[in-house]
Amino acid sequence: MSQVEKKAGLLRRTSSSKKPLKEKVVLMYDEIFAKEDPAKNNPRFWDELFLMKVNLEYLESKLESVDGEEVQRIQDNINSLFHHCVQALAEEHQIKVVNALQTLCALFRGVHQKNKSASGFDIINMLMGFDKAEQRMKVCVEERKECREPQEPLSQTAAYVKMCSQVTDNISQNTILEYVMINSIFEAILQILSDVASRGQHGYDAVVLLALLVNYRKYESVNPYIVKLSIVDDEPTLDGMGMVVHQALTEYNRQYKDKEEENQGGFFSTLTSMVGSMFIADADEKLSVQTNEAILLALYEAVHLNRNFITVLAQSHPEIDIPITPTTPTPMTPTAPLGTTPPSLDMMNNPELPLDPNLQTSNLLITFLKYASIVMQDTKDEHRLNSARLCLIILTCIAEDQYADAFLHDDNMNFRVNLHRMPMRHRKKTVDKNIPSRPLVCAVLDLMVEFIVTHMMKDFPMDLYLRCVQIIHKLLCYQKKCRIRLHYTWRELWSALINLLKFLLSNETTLLAKHNIFHLALLVVNLFNMFITYGDTFLPTSNSYDELYYEIVRMHQVFDNLYCMVLRVSTNTGQWKEAASKVTHALINVRAIVNHFNPKIESYAAVNHISQLSEEQVLEVVRSNYDTLTLKLQDGLDQFERYSEQPKEAAFFKELVRSISLNVRKNVSLNTMSQDVLLKEFSTIS
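The name given to the protein chain in an unreviewed UniProt entry is Armadillo-like helical domain-containing protein, with Scophthalmus maximus as the source organism.

Below, the structure is given as structure tokens:
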């Protein structure tokens, strides 16, 4: 081998053995993870660090890789990094602010991933030193919430606190949020919601963040965000919150409608028509759109905590179909359901908006009812089940509110509400044009009837049925109290309730293995008792009262079978003895009606030699025999237990908030807060 070849081979070996050069920011991170103070030999170390583009992946992996002993050794440097991040957030230099924010986010996530089993206090100590934690968090939050201009981006305020809130799966175990309770950003969130420009860009993030903060240790201690949210009475702020929720639900409804229209044409639709819709369940699955529990939770907290928000539900505006304009998703915005936002809502603030007297109007409550009608169709999926339950809890709160009830029943405020109905073989799809314009309470009742009719299945959603029946009861109590004669198709409700009782009877053994069916049966029977006892005060006409008796007599076999079943259970010793005996007692008037009118109807048929009576003939018998009917007055039919979140719903909300928190974390990639995106956002500040 020649000397030249040897030299060439040597050069090749040398060059191939060279390690790839590390970028400067990585070398600086390595210095932080060394024992020595990185600023000891370079006083400008921290200034230079925040001028470098952050390497999120490397920083997080470095934090996760250190073991227990190393953590103790480098804790001073980690504390120092946190301290200088906080200082950099106050800089005028935008690049430094962005890089400091990203570094803080990486610090929170990296330290938590490494120390999932550690207590919140240990994580705080590792990040900032427990003795200095309160002061450093105060400085950090105060710097972020000083919005001198309404256009100040929420990225600095919410992104920082948002990352704090995502440190643990259970938000109430996140000790870092104690400092966000002490140094409240509530006013900064309200400022964003009250300003049109900042709300358009950051309203969704603000509302979801507020919902999460309200749920921090809400059952263990006094949460200042709950107290403050309950007393907000500023109209622009409440309107802004309502607009954000309205916008998110509208977008969900639009996406569902688009998918529905896609599935109405084409080969699949033709095939299902040809075979008698045997694949209807598969078709419905194709219409699935990701639910949005976070925005529902925000709506719930607003309705539940703040009575002033009820007025926002009722504010009407023209229902204008304006094309959706794509916008840049914010860091907290779920990637699937809410990548776009309709601009039409803030247009409603424009006093110059022309109003066509023939134009259909809408409001937040209508949009919510449409949303509920979609998510309540399929409750087999856990997220949809949670959404359906939360929708019914929200409607429960609304049904208990006097102002909301007054608006729902206002005969001068009529709306055409196109609820989504589950595809079923035995009924045709309702044409939009055929939907009458009625008080909103009719749409609520329609939604309840629709759920009752469509969810009698093996995996019976007992909790949802109980809530549906209780909502109906609360609305009837208001109608009875205020003597409101609502023109509604009550027969559809009675028929749905009787079919529900029939279903409970047919599946007694299966259902009793999991549920107390007697409690639901009692609620249903007492709805009939409400109509029997007080129907003359709120049914629209005397004919309606006659039709009630007709339905009870016509379907007497169901009530007879129910009585036999509850009598059998109540006379035997067992866990359901007491529950069944309550139903037995509740059936007294229903049985009195059946036993009084059936012989009269049979006698009428025999005297007139008619084998099968028409409805009108039965009604004639009913009308002519009221005088001899004896009924017992039952107490407490128009009373109900008011909704209380604690203790009954506490477990549900804890799990729901955990699920939302995990979903937010999953959808929030730190890379969406890249330097380029944030700098572009910051450049909009004048």
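The number of helices and strands found in the protein chain is 34 helices and 6 strands. Per-residue burial over the protein chain gives 53% buried out of 686 residues. If you take every contact in the protein chain between residues at least 6 apart in sequence, the share linking residues at least 24 apart comes to 79%. Carbon and sulfur atoms provide 51% of the accessible area of the protein chain, an area that totals close to 32,400 Å².

Okay, the packing of aromatic side chains next. Taken as a whole, this structure holds 23 aromatic pairs when the rule is applied. Summarising the aromatic geometry, the rings of Phe45 and Trp46 are spaced 4.9 Å apart at their centres and angled 90 degrees between planes, so their arrangement reads as edge-to-face. Relative accessible area serves as the criterion here: at 7%, Trp46 is assigned to the buried category. An angle of 90 degrees between the planes, with centres 5.2 Å apart, marks the rings of Tyr549 and Tyr626 as edge-to-face. Residue Tyr549 is found in helix H28 (residues 542-554), and its partner Tyr626 is found in the loop between helix H32 (615-623) and helix H33 (650-667); the two are separated by 77 residues along the sequence. Members of the aromatic cluster, connected to one another through ring pairs, are Tyr488, Trp490, Trp494, Phe531 and Phe538. Against the face of Tyr534 rests Lys480, its NZ or CZ located 4.6 Å from the ring centre. When the ring centre of Tyr563 is taken as reference, the NZ or CZ atom of Arg591 above it lies at 3.7 Å.

What follows is about helix H29 (residues 556-570). Given a rise of 1.5 Å per residue, 15 residues ought to cover 21 Å, and the 21 Å separating the end C-alpha atoms of H29 matches this to within 8%. Buried residues of H29: Val558, Phe559, Leu562, Tyr563, Met565, Val566, Val569 and Ser570, and no others. Seen end-on, H29 carries its buried residues on one side only, within an arc spanning 170 degrees. Looking at the packing, one finds that the buried side of H29 touches helix H25 (490-506), helix H26 (508-512), helix H27 (517-538), H28, helix H30 (577-586) and helix H31 (588-607).

Following the criterion strictly, the structure yields 29 salt bridges and no others. The salt bridge partner of Arg389 is Asp463, with a shortest N-O separation of 3.3 Å. Placement of the pair is Arg389 in helix H21 (residues 382-400) and Asp463 in helix H24 (residues 462-482), with a sequence separation of 74 residues. Note that Arg554 is salt-bridged to Glu551, the shortest N-O span being 2.9 Å. You can see Arg554 and its partner Glu551 sitting in helix H28, 3 residues apart, about one turn around the helix. If you follow the salt bridges from partner to partner, you end up with Arg389, Asp463, Arg467 and Glu649 in one network.

So, about the environment of Glu70. Here Glu70 shows up in helix H5 (residues 68-88). For the pair Glu70 and Ala34, spaced 36 residues apart in sequence, the C-alpha to C-alpha distance is 9.1 Å.

So, about the packing of helix H11 (residues 186-194) against helix H12 (residues 196-214). Where H11 meets H12, the axes come as close as 7 Å, and the angle between the chain directions of the two elements is 140 degrees. With respect to H12, the element H11 is oriented oblique. Pair H11 / H12 crosses with left-handed handedness. The segment H11 lies against H12, with Phe186, Ile189, Gln191, Ile192, Leu193 and Ser194 engaging Val196, Ser198, Arg199, His202, Gly203, Ala206, Val207, Leu209, Leu210 and Leu213. A breakdown of the residues in the contact of H11 with H12 according to their chemical character gives 10 nonpolar, 5 polar and 1 charged.

Rules of the game
- Residues numbered from 1 in each chain as written.
- Predicted model: local features only at pLDDT ≥ 70, side-chain atom pairs only at ≥ 80, totals over all residues.
- Heavy atoms only, no water.
- Helix = DSSP H or I, 4+ residues; strand = E, 2+ residues; numbered from the N terminus.
- Buried < 20%, exposed > 50% of the residue type's maximum accessible area, 1.4 Å probe, protein only.
- Contact = heavy atoms within 4.5 Å.
- Areas by Shrake-Rupley, 256 points an atom, 1.4 Å probe, with all protein chains shown as cover.
- Phe/Tyr/Trp six-rings, centres within 6.5 Å; stacked < 30°, edge-to-face > 60°.
- Lys NZ or Arg CZ within 6 Å of the ring centre and 35° of its normal.
- Expected span 1.5 Å × (residues − 1).
- Arc of directions from axis to C-beta.
- Salt bridge = Lys/Arg side-chain N within 4 Å of Asp/Glu carboxyl O.
- Axes fitted to C-alpha atoms, helices over the stretch in contact; angles between N-to-C directions.
- Parallel < 35°, antiparallel > 145°, perpendicular 65-115°, else oblique.
- Left-handed = near helix turned anticlockwise from the far one by under 90°.
- Nonpolar A, V, L, I, M, F, W, Y, C, P; charged D, E, K, R; others polar.

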